[in-house]
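# Coordinate inspection notes
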Amino acid sequence: MQVPLNSFIGVDVSKAELVIATYGQDDCLSVPNECTAILQWLRTLAAGSLLAMESTGRYHQLLANLAAGAGRPVFVLNARDVYFYAKGLGARGKTDRVDARVIARYLAEHHDRLHPYHAPSASQAELEQLLGQRWTIVTKRIALRESLQACGASIAQAASQLDAAFAALLRTIDGRITELIKADPQLHRARTLLQSIVGVGPQSSALLASLLARVPFASSDALVAYSGLDPRANDSGRCRGRRRLSKRGDPALRHQMFMAAMSACHTSTFAATYQALRARGLKTTEALVILARKLMRIAFAVWRSGQPFQAHRVTHNA
C-alpha cells in the first residue's frame, strides 16, 4: 500500500528539543524534548504517520519509547547511514532543520526495508544501558592505561588506585547484569547455552543474549552484518580491491567477539581452524576476525535451536 508523502516525519533530536520535519514540506516544528510536550505533539499526528530519528545515545530514547507506546511506527536510524546519505544528496551544510529534512526523506525512500523500533521492558532497558556503560568504562580504562604508562613514580600509585577503582566498578556492573539476566528465565537460559560455546565468556554471552532477544535476525549473516565484522567489497571491473570490515555495527559486540576468538584459537576445538587460516597466509588479526565471525554464526545457531554447543560438529575448513 502506498503511503502518503506527508506521512513521513523526520526528527532531529538534541538534549533540549526536537526539530521535526515532514517530507515534502519546508516548514519545521520545534518541540521540547520532555514527556508532556512530546505526548501532546504525538496526539496531533495523522493516522498512519511514520517517524524516524537518528540514534543519539540516550537523547532519542524518550521520543522512541513514547511513540512506540502510543502505537506509532517509529524507526531509529544508524547515524552513519544518514550522514553518508546526506553527503550523497550533496548537502552543503548541517543544521537541525536540514538534518530533520534529510531524515524525513531517508524514511520516505527506505521505509520498506527498515525495522520498526520496539520499546524494551524496564529490565531490558536497564540491561542494555548497563552493557553500554560497561563498554564506555572499558574503553576509557584502556585509554587511561595507555596514557599513564610513562608516568613517573610520583603518580604511579595513584594511577594504580584509579585502575583498581575501574575494576571494582566493572565488578559491580557485572553483578547487576547477572542479576537482571537471572531474573529473566529466557535470558538466563540463553546465556547459559551461549556460554557452552568454546571461547564465549560471561561478557560475550550477556551481550549476545540481550541482542538476540531484542532483535529478530533473519540469519546468521544478518547478525554478522549487524556487528560490523562483515567484509566490505571494493571491486571495480577485473580489479579485486582489498577487503576491509564494514564496522557499521556495535563496537562493543565486535570487541567482545574478537576477544572470544582470541580465547578460542588456543583451544583444541578451534586451534585447527585458526592454524588453517594462518596457513593460507592470513595475518593474525585477519584470522581472528574470521574466527570471530564463525563464533557468531555458531551463537546464532545455538540461540535458534535452543541446544548447547557441540564441539564435535565443528568443521575446520576455513
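Residues numbered from 1 in each chain as written. Predicted model: local features only at pLDDT ≥ 70, side-chain atom pairs only at ≥ 80, totals over all residues. Heavy atoms only, no water.

The helix and strand inventory of the protein stands at 12 helices and nine strands. Split into buried and exposed, the 318 residues of the protein put 38% on the buried side. Once local pairs closer than 6 in sequence are excluded, the contacts in the protein between residues at least 24 apart make up 61%. Surface summary for the protein: the accessible area is close to 18000 Å², and the carbon and sulfur share equals 53%. (Helix = DSSP H or I, 4+ residues; strand = E, 2+ residues; numbered from the N terminus. Buried < 20%, exposed > 50% of the residue type's maximum accessible area, 1.4 Å probe, protein only. Contact = heavy atoms within 4.5 Å. Areas by Shrake-Rupley, 256 points an atom, 1.4 Å probe, with all protein chains shown as cover.)

Turning our attention to the nonpolar core. Counting 51 residues, the largest nonpolar core has Ile177, Ile197, Met257, Phe270 and Leu295 as the members making the most contacts within it. Breaking this core down by element, the ones donating at least two residues are helix H5 (122–147), helix H6 (153–182), helix H7 (185–194), helix H8 (202–214), helix H9 (220–227), helix H10 (251–264), helix H11 (271–279) and helix H12 (284–305). Once residues lying within four places of it in the same chain are set aside, the contact partners of Ile177 are Leu127, Leu130, Leu131, Arg134 and Ala206. By size, the runner-up hydrophobic cluster in this structure holds 18 residues, among which are Val11, Trp41, Met53 and Ala64. (Core = buried A, V, L, I, M, F, W, Y, C linked by side-chain atoms within 4.5 Å.)

Right, let's talk about a positive patch on the surface for a bit. Together, Arg80, Arg232, Arg242, Arg244 and Lys283 give the surface a local cluster of positive charge. Mapped onto the elements, Arg80 comes out in helix H3 (residues 79–88). (Patch = residues over 30% accessible without salt bridge, like charges linked within 9 Å, V, L, I, M, F, W, Y side chains within 5 Å. Salt bridge = Lys/Arg side-chain N within 4 Å of Asp/Glu carboxyl O. Lys, Arg positive; Asp, Glu negative; His and termini not counted. Charge placed at Lys NZ, Arg CZ, Asp CG, Glu CD.)

A few words on the pattern of salt bridges. Tallied over the full model, the rule gives 10 salt bridges. Close ionic contact of Arg105 with Glu109 constitutes a salt bridge, the shortest N to O distance being 3.0 Å. One end of the pair is Arg105 and the other is Glu109, both in helix H4 (residues 96–110) and four residues apart, which spans about a single turn. We classify Glu109 as partly exposed; its relative accessible area is 43%. In this structure, the salt-bridge partner of Arg176 is Glu179, at a minimum N-O distance of 3.0 Å. Placement of both Arg176 and Glu179 in helix H6 is noted, with a separation of three residues, approximately one turn of the helix. Exposure remark for Glu179: the relative accessible area of 48% places this residue in the partly exposed category. When salt bridges that share partners are traced, they join Glu126, Arg176 and Glu179 into one network.

Okay, the pairing of strand E4 (residues 50–54) next. Counting buried positions along E4 yields five of five residues, so the element is predominantly enclosed. Burial along E4 is two-sided: the residues Leu50, Ala52 and Glu54 and Leu51 and Met53 are all buried. As paired strands, strand E1 (residues 8–13) and E4 are joined by four bridges and run parallel to one another. By the bridge assignment for E4, Gly10 is matched with Ala52. Pairing geometry for E4 and strand E5 (residues 74–77), over four bridges, is parallel. By the bridge assignment for E5, Met53 is matched with Val76. (Pairing = 2+ DSSP bridges.)

On to the sheet that holds E4. Strand order in the open sheet formed by five strands is E3-E2-E1-E4-E5, with mixed pairing between adjacent strands. The outermost strands of the open sheet, each flanked by one partner alone, are strand E3 (28–32) and E5. Geometrically, the sheet is characterised by an average inter-axis angle of 25° between neighbouring strands, direction not taken into account. Across the sheet, helix H1 (residues 35–43) is in contact with E1, strand E2 (17–22), E3 and E4; its angle to E3 comes to roughly 140°. (Axes fitted to C-alpha atoms, helices over the stretch in contact; angles between N-to-C directions.)

This next bit is on the side chain of Arg72. Along the polypeptide, Arg72 turns up in the loop between helix H2 (61–69) and E5. An unpaired buried charge is present at Arg72: no salt bridge exists, and Asp112, the closest side chain of opposite charge, is 17 Å distant. Of note is the side chain of Arg72, whose polar atom sits 3.1 Å from the backbone oxygen of Leu42. Within the structure, Arg72 has its side chain in polar contact with the backbone oxygen of Leu45 (distance 2.9 Å). (Polar contact = N/O pair within 3.5 Å; in protein donor to acceptor, adjacent residues only side chain to side chain.)

Right, let's talk about the environment of Ala68 for a bit. For Ala68, the location among the structural elements is in helix H2. Separated by 47 residues in sequence, Ala68 and His115 place their C-alpha atoms 13 Å apart. Sequence-distant contacts of Ala68, defined by excluding residues within four places in its chain, comprise Val74, Tyr117 and Ala119.

With that settled, the discussion passes to the packing of H9 against H12. The N-to-C vectors of H9 and H12 enclose an angle of 130°; their axes lie 9 Å apart at closest approach. Classed by the angle they form, the pair H9 and H12 counts as oblique. Considering the relative orientation of H9 and H12, their crossing is right-handed. Where H9 approaches H12, its residues Ser220, Asp221, Leu223, Val224 and Ser227 are matched on the opposing element by Arg293, Met296, Arg297 and Phe300. Residue composition of the contact of H9 with H12, by class: four nonpolar, two polar and three charged. (Parallel < 35°, antiparallel > 145°, perpendicular 65-115°, else oblique. Left-handed = near helix turned anticlockwise from the far one by under 90°. Nonpolar A, V, L, I, M, F, W, Y, C, P; charged D, E, K, R; others polar.)

Here the focus is H7. Those residues of H7 lying buried are Leu187, Ala190, Arg191, Leu193 and Leu194. One side of H7 carries all its buried residues, which in axial view fall inside an arc of 160°. Residues of H7 that are buried in the fold lie against H5, H6, H8 and H12. (Arc of directions from axis to C-beta.)

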